[in-house]
2 protein chains.
Amino acid sequence: MVKIKDIALKCGVSTATVSKALHNSSELKEETIAYICKTAKEMGYIPNASARSLKLKKTYSIGILFVDQTSSGLRHEYFSSILDSLKVAAESKGYDVTFISKNITNNNMTYLEHARYRNVDGVVIASVDFHDEQVIELVNSEIPTVTIDYIYNNSTAIMSDNTSGMEKLIHYAVSRGHKKIAFIHGEMTDVTNKRLAGFYKAMKEYNLKVNPNYVLEGRYHDPKAAGQATKKLLNSGEEIPSCIIYPDDVSLIGGETAIQQCGYKIPDDISVIGYDGVNISRILRPIITTYVQNSDALGKLAVINLIDRIENPNTFTPKIVYVEGSVQDGETVKDIF
Amino acid sequence: MVKIKDIALKCGVSTATVSKALHNSSELKEETIAYICKTAKEMGYIPNASARSLKLKKTYSIGILFVDQTSSGLRHEYFSSILDSLKVAAESKGYDVTFISKNITNNNMTYLEHARYRNVDGVVIASVDFHDEQVIELVNSEIPTVTIDYIYNNSTAIMSDNTSGMEKLIHYAVSRGHKKIAFIHGEMTDVTNKRLAGFYKAMKEYNLKVNPNYVLEGRYHDPKAAGQATKKLLNSGEEIPSCIIYPDDVSLIGGETAIQQCGYKIPDDISVIGYDGVNISRILRPIITTYVQNSDALGKLAVINLIDRIENPNTFTPKIVYVEGSVQDGETVKDIF
DNA sequence: TTGTATGCGTTATCAT
DNA sequence: ATGATAACGCATACAA
């Protein structure tokens, strides 16, 4: 690998001059810069990030924290598309992306230790257990962080607006004439709480009574759980709802199967609504009526805000950025008037 | 950040001794090591990867190269699950994972330049245009590489065995009594060529004639293209096939819609077979009969082989590792005897 | 306008 | 068994 010293030798100047030339320093004569840069390119010079980082205490790389449990968040389209947009945004700003995890080497580092070890300039935290002590430690550290879908009081948060998302769905369902709306939600996480809040709030706005038996717990990305909850709902002896909202599009598919097994037709007898707006929701027939989360914007905004904080630490104050999605007008909700 | 010097000061020894202690050098007295390591931990010492890398010319990090076009490979479950398993395997070996791309900083680096800049110890190449000059440059460089689903003659390749995958599918279809088998394949890539080879080979083995009109081109992950090809097939005036094989599970869904629109029932009139075995294939009803690619094994093997090459450069010779998947016995193929 | 010298944190060689 | 010191490649304060 050719280094600054080599260029200096070839050009008959000092390493300092070369370094300055490569940074387009105004101290140097135009022609010196041109000459040095030209030979540097000819010699195939590539700076050494490690050396630079050691000197500058800055790596131009950001860490990305995805949970590293058995079934990583990466496998969910919502997160993989966040990762993708995040990566693109970071690269366009000159930052590289590195995964942060616990298990680096044998000497079990914490997230914070790992981030320090790699000297990342900041970390985007997504899809983790936000109550994990190690995550909290990281957020409270000197390392700039941005969280996705969770709010700490000292870190910027990019939020897919789950409350307004639910409100929009209820609004949509009501505008189609639905009044008996059931909500099968995911396990009790913060996201779920927000959706529940939106659900109750919107129902109240329309003066619709919420039948307590119409609110059931399923699990995210678990069609079987959704199916079970659906059957429980339909076999309870209670009047059946005209519309069921599911935790996500994948759960919805499990729900659809259960509904059909109970002898009902979609959407003629029962309408169904999903959440996420994953790719498949547009491919299946009937097209799924669902709430499309703007995962592209989430990833991009996370990076923009993180880098802004990194590069302007003085003007920084924690922000909460809400990202709105939109209702996908599919074919699983029937007009009933 | 506490550094070796701080520990040395506190312990009243030299930095050299601390460094040795932290590496469990046999030169040192047991008790010295114990004492130094204890205080190091107490002081919250974390090594500095940049400094270490500068000295050792080794970063304990590997690059991962995904295409960075508009629609990144990351969005396909096949690749995101490869990435996930790859990440887990790398971390368990003490290596971190960094994305390699073109656009780092303004001064458009090539893949190779980027890899050199970050001093990654090796690169896993997946989901790219393998004819891209920059990719070829990287593979031919001094940096160890492992490719996924493509073979260069001087780099280890981890291959999802597309030929035997197709053979297994044909075998499965034939064992169910099918003879009139159509194959809608993806655009003409190397993967497609392998699948075509497997298709023709297996058909020949069973002495089944391939109707040329039964082989059509669709596009990967494009249900619309699959639907069009399906309609072309069914409206050609030709006798309809009893079974259609699609480029992937998502395409299959588009095919199913087309088949139903043409007035046929699945699988009673026409059986369908997918490829990939994505999550959704198990969730939909009917469950998709498909070839499940072992993406976990692919990611893991890529890392294992890459690290092996990194750590044992002398004993290395390029290998080709074939990873077999298995037929998922779904509900979209009918027995016809 | 250019050069000299130093230090970033670590490891390794060679003394002691 | 431990310590002094140089070197890794780069950027910068300061000198010339």
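Our subject is the structure that appears above.
What counts and what doesn't
- Residues numbered from 1 in each chain as written.
- Chains lettered and ligands numbered in written order.
- Predicted model: local features only at pLDDT ≥ 70, side-chain atom pairs only at ≥ 80, totals over all residues.
- Heavy atoms only, no water.
- Least-squares fit on C-alpha atoms with pLDDT ≥ 70 in both.
- Contact = heavy atoms within 4.5 Å.
- Pairing = 2+ DSSP bridges.
- Helix = DSSP H or I, 4+ residues; strand = E, 2+ residues; numbered from the N terminus.
- Axes fitted to C-alpha atoms, helices over the stretch in contact; angles between N-to-C directions.
- Near = heavy atom within 4 Å.
- Polar contact = N/O pair within 3.5 Å; in protein donor to acceptor, adjacent residues only side chain to side chain.
- Nonpolar A, V, L, I, M, F, W, Y, C, P; charged D, E, K, R; others polar.
- Buried < 20%, exposed > 50% of the residue type's maximum accessible area, 1.4 Å probe, protein only.
- Core = buried A, V, L, I, M, F, W, Y, C linked by side-chain atoms within 4.5 Å.
- Buried area = accessible area lost by both parts, 1.4 Å probe.
- Salt bridge = Lys/Arg side-chain N within 4 Å of Asp/Glu carboxyl O.

Undergrad: For the relation of the copies chain B and chain A, give the residues involved together with the corresponding values.
TA: By a simple turn and slide, chain B fits onto chain A: the slide is 0.0 Å along the axis, the RMSD is 0.1 Å, and the turn is 180°. Such a combination of rotation and displacement between the chain copies is what one expects of a two-fold axis. Taken as a fraction of all interface residues of chain B, those also at the interface in chain A reach 100%, which identifies the copy contact as same-surface.

Undergrad: Describe the sheet that holds strand β7 (residues 215–217) of chain A, and please don't skip the residues or the numbers.
TA: Residues and elements named next belong to chain A. Within the open sheet, the four strands sit side by side as β7-β6-β8-β9. Their pairing is parallel. Each end of this open sheet is capped by a strand with a single partner; those strands are β7 and β9 (271–273). Sheet twist, expressed as the mean angle between neighbouring strand axes with direction ignored, is 20°. Pairing of strand β6 (residues 181–185) with strand β8 (residues 243–245), which is carried by three bridges, proceeds in the parallel orientation.

Undergrad: Quick rundown of the protein's contact with DNA strand D? Include the residues and the values.
TA: The full set close to DNA strand D counts 27 residues, and Lys3, Ile4 and Tyr45 of chain A together with Thr17 and Lys20 of chain B are the nearest of them. When the atoms of DNA strand D within 4 Å of the protein are grouped by moiety, sugar and phosphate amount to 65% of the total. Here a phosphate oxygen of DNA strand D sits 3.0 Å away from a polar atom, N or O, in the side chain of Arg52 of chain A. Lys57 of chain B is positioned with one of its side-chain polar atoms (N or O) 2.9 Å from a phosphate oxygen of DNA strand D. Contributions of two or more residues to the surface near DNA strand D are made by α2 (15–22) and α4 (49–56) of chain A together with α2 (15–22) and α4 (49–56) of chain B. The residue inventory of the surface near DNA strand D, partitioned by class, reads 10 nonpolar, eight polar and nine charged.

Undergrad: Give me the pairing of strand β11 (residues 320–323) of chain B: which residues, what numbers.
TA: Two faces make up the sheet, and in a regular strand the side chains alternate between them. All names here are of chain B. Residues Val321 and Val323 point to one face of β11 and are all buried, whereas Ile320 and Tyr322, pointing to the other face, are not buried. Two strands pair when backbone bridges link them, and strand β5 (residues 156–160) and β11 are joined in this way by four bridges, in the parallel orientation. Across the sheet, residue Ile158 finds its bridge partner in β11, namely Val321.

Undergrad: Describe in detail the protein's contact with DNA strand C, supporting the description with residues and values.
TA: Lining the immediate surroundings of DNA strand C are 27 residues, of which Thr17, Lys20 and Lys55 of chain A together with Tyr45 and Lys55 of chain B lie closest. Per the 4 Å cut-off to the protein, sugar and phosphate atoms form 64% of the nearby atoms of DNA strand C. Contacts to DNA strand C include Lys55 of chain A, whose side-chain N or O atom sits 2.8 Å from a base nitrogen. Take Tyr45 of chain B: an N or O atom from its side chain is 2.6 Å from a phosphate oxygen of DNA strand C. At the level of secondary structure, the elements contributing two or more residues to the surface near DNA strand C comprise α2 and α4 of chain A together with α2 and α4 of chain B. Counting residues per element, the surface near DNA strand C draws most heavily on α4 of chain B, at four residues. For the surface near DNA strand C, the class distribution of residues is 11 nonpolar, seven polar and nine charged.

Undergrad: Would you mind going over the sheet that holds strand β7 (residues 215–217) of chain B in detail, with residue names and values included?
TA: All names here are of chain B. The strand order across the open sheet formed by four strands is β7-β6-β8-β9, and the pairing between neighbours is parallel. Strands at the two margins of the open sheet, each flanked by one partner only, are β7 and β9 (271–273). Each strand of the sheet is rotated relative to its neighbour by a mean of 20°, with strand direction disregarded. Here helix α9 (residues 190–205) sits on the sheet in contact with β6 (181–185) and β7, set at roughly 170° to β6.

Undergrad: I'd love a proper account of the nonpolar core, names of residues and values included.
TA: Core analysis: the biggest nonpolar cluster contains 56 residues, and Leu83 and Phe99 of chain A together with Leu83 and Phe99 of chain B have the highest contact counts within it. Contacts of Leu83 of chain B, omitting those with residues within four sequence positions, involve Leu74, Leu83 and Phe99 of chain A together with Ile64, Phe66, Leu74 and Phe99 of chain B. Leu234 of chain A together with Ala226, Leu252 and Val272 of chain B belong to the second-largest nonpolar core, a separate cluster that totals 44 residues.

Undergrad: Which residues make up the interface of chain B and chain A, and what values go with them?
TA: Facing 52 residues of chain B, the contacting portion of chain A comprises 52 residues. Buried surface at the junction of chain B and chain A, both sides included, amounts to about 4,800 Å², of which 60% is carbon and sulfur. The three residues of chain B that bury the most area against chain A are Arg75, Phe99 and Tyr117 of chain B, which together make up 14% of that side's buried surface. If you look at where chain B meets chain A, you find six salt bridges. For the interface between chain B and chain A, the tally reads 26 residue pairs in polar contact (both at pLDDT 80 or more). Secondary structure elements with two or more residues in the side of chain B that touches chain A: α4, α5 (77–92), β2 (96–100), α6 (111–118), α11 (249–261) and α12 (279–283) of chain B. Examining the composition of the side of chain B that touches chain A, we find that seven residues originate from one element, α5 of chain B, more than from any other.

Undergrad: Run through the pattern of salt bridges, naming residues and quoting values.
TA: In total, this model carries 28 salt bridges over all chains according to the counting rule given. Taking the shortest distance from any N to any O, the salt bridge between Arg75 of chain B and Asp84 of chain A comes out at 2.8 Å. Taken as a pair, Arg75 of chain B in the loop between β1 (61–65) and α5 and Asp84 of chain A in helix α5 (residues 77–92) lie in two separate chains rather than in one. Arg75 of chain B gets classed as partly exposed once you look at its relative accessible area, which sits at 30%. In this structure, Glu27 of chain B and Lys20 of chain B form a salt bridge, with 3.3 Å as the shortest nitrogen-oxygen distance. The class for Glu27 of chain B is exposed, based on a relative accessible area of 59%. One salt-bridge network, held together by shared partners, links Arg75 of chain A together with Asp84 and Asp296 of chain B.

Undergrad: Quick one: what's the story with the environment of Pro47 of chain B, residue by residue and with numbers?
TA: Secondary-structure assignment places Pro47 of chain B in the loop between α3 (30–42) and α4. Taking the C-alpha atoms as reference points, Pro47 of chain B and Ile273 of chain B, 226 residues apart in sequence, are found 53 Å from one another. In this view, Pro47 of chain B contacts Tyr117 of chain A together with Arg52 of chain B; residues no more than four positions away in its chain are not counted.

Undergrad: Go over the side chain of Asp132 of chain A, please, and point to the residues and values.
TA: Residue and element names in this part refer to chain A. Mapped onto the secondary structure, Asp132 falls in the loop between β3 (122–125) and α7 (133–139). Overall, the relative accessible area of 18% leaves Asp132 in the buried class. For Asp132, the residues in contact, after removing those within four places along its chain, are Lys102 and Tyr111.

Undergrad: Any details on unusual backbone geometry? Residues and values, ideally.
TA: The omega torsion across Ile266 of chain B and Pro267 of chain B is 0°, close enough to zero to call that bond cis. Omega for the peptide link from Arg285 of chain B to Pro286 of chain B comes to -5°, which places this bond in the cis form. Among the secondary structure elements, Pro286 of chain B is positioned in the loop between α12 and β10 (290–292). Positive phi, close to 55°, is recorded for His221 of chain A, a residue that is not glycine. Mapped onto the elements of the fold, His221 of chain A is located in the loop between β7 and α10 (223–234). For His221 of chain A, a relative accessible area of 29% puts it in the partly exposed group. Phi is positive for Asp276 of chain B, which is not a glycine, with a value near 115°. On the accessibility criterion, Asp276 of chain B (10% relative accessible area) is buried.

Note that every value here comes from positions in space, so none of it alone points to a role or purpose.
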